[in-house]
Amino acid sequence: MSDNKIPLAGVIGHPVAHSKSPNVHGYWLRKYGLKGHYVPIDIAPEKLADLLPRLADLGFVGANVTIPHKEKVMEIADLITDRATLIGAANTLIFRKDGRIHADNTDGYGFIENIRQTIPDWNPKSGPAVVFGAGGASRAVLASLIDVGVPKIMLTNRTRIRAEKLREDFGHRVQVIEWVQAGNVLEEADLVVNTTSLGMTGKPEMRVPLDGLKPGAIVNDLVYAPLRTRLLATAEDRGCRVVDGLGMLLHQAVPGFERWFGKRPVVDENVRAAVLR
Ligand code: ATR
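Being a predicted model, the structure only gives us computed values, none of them experimental.

## Some points on the overall build of the protein
For the protein, the helix and strand inventory stands at eleven helices and twelve strands. Taken against the 2.2 N^0.38 rule, which gives 19 Å for 277 residues, the C-alpha radius of gyration of the protein at 19 Å falls within 12% of a compact globule. Counting only C-alpha atoms and orienting by the principal axes, one finds that the protein spans roughly 60 × 40 × 35 Å. Per-residue burial for the protein yields a buried fraction of 53% across its 277 residues. The contacts of the protein with a sequence gap of at least 6 include a subset with a gap of at least 24, amounting to 66%.

## What about the UniProt feature "domain: Shikimate dehydrogenase substrate binding N-terminal" (unreviewed entry) in the protein?
Mapped onto this numbering, the UniProt entry gives "domain: Shikimate dehydrogenase substrate binding N-terminal" (unreviewed entry) at residues 11-93. Helix makes up 36% of residues 11-93 and strand makes up 23%, while its end C-alpha atoms are separated by 10 Å.

## Looking at the sheet that holds strand E1 (residues 8-13)
In spatial order, the strands read E2-E1-E3-E5-E6-E4; together these six strands make up an open sheet with mixed pairing. Because the sheet does not close on itself, it has two edges, and the strands there are strand E2 (37-42) and strand E4 (79-80). As defined by bridge partners, strand E3 (residues 60-65) adjoins strand E5 (residues 92-95) across three bridges and the pair is classed as antiparallel. Counterpart to Asn 64 in the pairing with E5 is Thr 92. The strands touched by helix H1 (residues 21-31) within the sheet are E1, E2 and E3, with E2 carrying the most contacts at an inclination of about 165°.

## A look at the sheet that holds strand E9 (residues 174-177)
With parallel pairing, six strands are arranged side by side in an open sheet as E9-E8-E7-E10-E11-E12. Looking along the sheet, the strands with just one partner apiece sit at the ends: E9 and strand E12 (241-243). Each adjacent strand pair in this sheet contributes to an overall mean axis angle of 20°, direction not counted. The pairing of strand E8 (residues 153-156) with E9 spans four bridges and is classified as parallel. Paired with Leu 155 across the strands is Val 176, a residue of E9. In the packing of helix H9 (residues 230-237) onto the sheet, the strands contacted are strand E10 (191-194), strand E11 (218-221) and E12, and the crossing angle to E11 comes to about 165°.

## Here we look at the site of the ligand
Lining the immediate environment of the ligand, one finds 13 residues, of which Ala 134, Asn 157, Arg 158, Thr 159 and Arg 162 sit closest. Coverage of the ligand by the protein amounts to 70% of the 640 Å² it exposes when considered alone. When its residues are assigned to classes, the shell around the ligand shows four nonpolar, seven polar and two charged.

## Examining unusual backbone geometry
With omega at 0°, the peptide bond leading from His 14 into Pro 15 counts as cis. Inspection of the secondary structure assignment puts Pro 15 in the loop between E1 and H1.

## Some words on the packing of helix H5 (residues 107-118) against helix H6 (residues 136-147)
Remark: H5 packs on H6, axes separated minimally by 8 Å, with the N-to-C direction vectors making an angle of 65°. Remark: the crossing between H5 and H6 carries right-handed chirality. Contacts between H5 and H6 pair Asp 107, Gly 108, Phe 111 and Ile 112 from the former with Ala 140, Val 141, Ser 144 and Leu 145 from the latter. By residue class, the composition of the contact of H5 with H6 is five nonpolar, two polar and one charged.

## Re the environment of Lys 165
On the secondary structure map, Lys 165 appears in helix H7 (residues 160-170). Lys 165 gets classed as partly exposed once you look at its relative accessible area, which sits at 43%. With 93 residues separating them in the primary sequence, Lys 165 and Lys 72 have C-alpha atoms 20 Å apart.

The rules behind the values
- Residues numbered from 1 in each chain as written.
- Predicted model: local features only at pLDDT ≥ 70, side-chain atom pairs only at ≥ 80, totals over all residues.
- Heavy atoms only, no water.
- Helix = DSSP H or I, 4+ residues; strand = E, 2+ residues; numbered from the N terminus.
- Rg over C-alpha atoms; globule rule 2.2 N^0.38 Å.
- Buried < 20%, exposed > 50% of the residue type's maximum accessible area, 1.4 Å probe, protein only.
- Contact = heavy atoms within 4.5 Å.
- UniProt positions renumbered as here; feature names shortened; annotations may be inferred.
- Pairing = 2+ DSSP bridges.
- Axes fitted to C-alpha atoms, helices over the stretch in contact; angles between N-to-C directions.
- Near = heavy atom within 4 Å.
- Areas by Shrake-Rupley, 256 points an atom, 1.4 Å probe, with all protein chains shown as cover.
- Nonpolar A, V, L, I, M, F, W, Y, C, P; charged D, E, K, R; others polar.
- Left-handed = near helix turned anticlockwise from the far one by under 90°.

Below you can see the structure in the form of structure tokens.
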């Protein structure tokens, strides 16, 4: 980008119309009075390799990446951060002035910052975590929990083999628990995270018995539609400290926005309200 051009960024997906990212970035651009635009970009999988490098020519300084492109962009990017490599997917791209595409993954960062902002006295080293699910979101959660020093992560997934694969990738701090046994280990957990789609509007409810949840434990659902899932409602009733999934979406957007538009945005109630509208 030459310095007099208005920077463009966007979210690349297929489909992409449902993405909340344009609301988030659009709100911050207005709030800080910055020049720039953030748009949804629908690119079909077979066209990604061809179109991605051309976005920079059109004035794009970067982009977020969502389903189904988060793994594929790793093959197209020229530079990949360690955390994106570890997670095996990228969600944030920077189109550098030298033409190279830089790929990062800020999902784990967003996940951690969301808990830290909601529960400022959270001590990740205090005890074990239970994580439900072994998809892409779970990889980002595991990588970041290990990074901040959670001593043990009990990972449970309907399809056990996917959890076993994550244990191979992330090592001895991850212990695989049978899906049907998950309720029995909840009493050990200081932190419980749902990374599955269970409880999302239009999806089945989470059926794991929750009566083992420890009062005072932190319970985070990555599902944000609805904002208050049954998991969070039950956890709150049991005296747990709950963290909803919208904050992760907001916090993961911070590094990209700062890089593209030159201002580090603040995650507060106003941006939450703007996204929920
Ligand atoms: P994401 O990238 O968002 O994590 P994903 O890779 O499709 O998405 O993973 C979805 C997660 O939700 C998986 O852990 C999946 O379990 P399986 O690996 O057994 O498919 C979990 N999930 C989805 N529907 C589920 C259901 N009805 N019961 C239990 N787990 C479910």
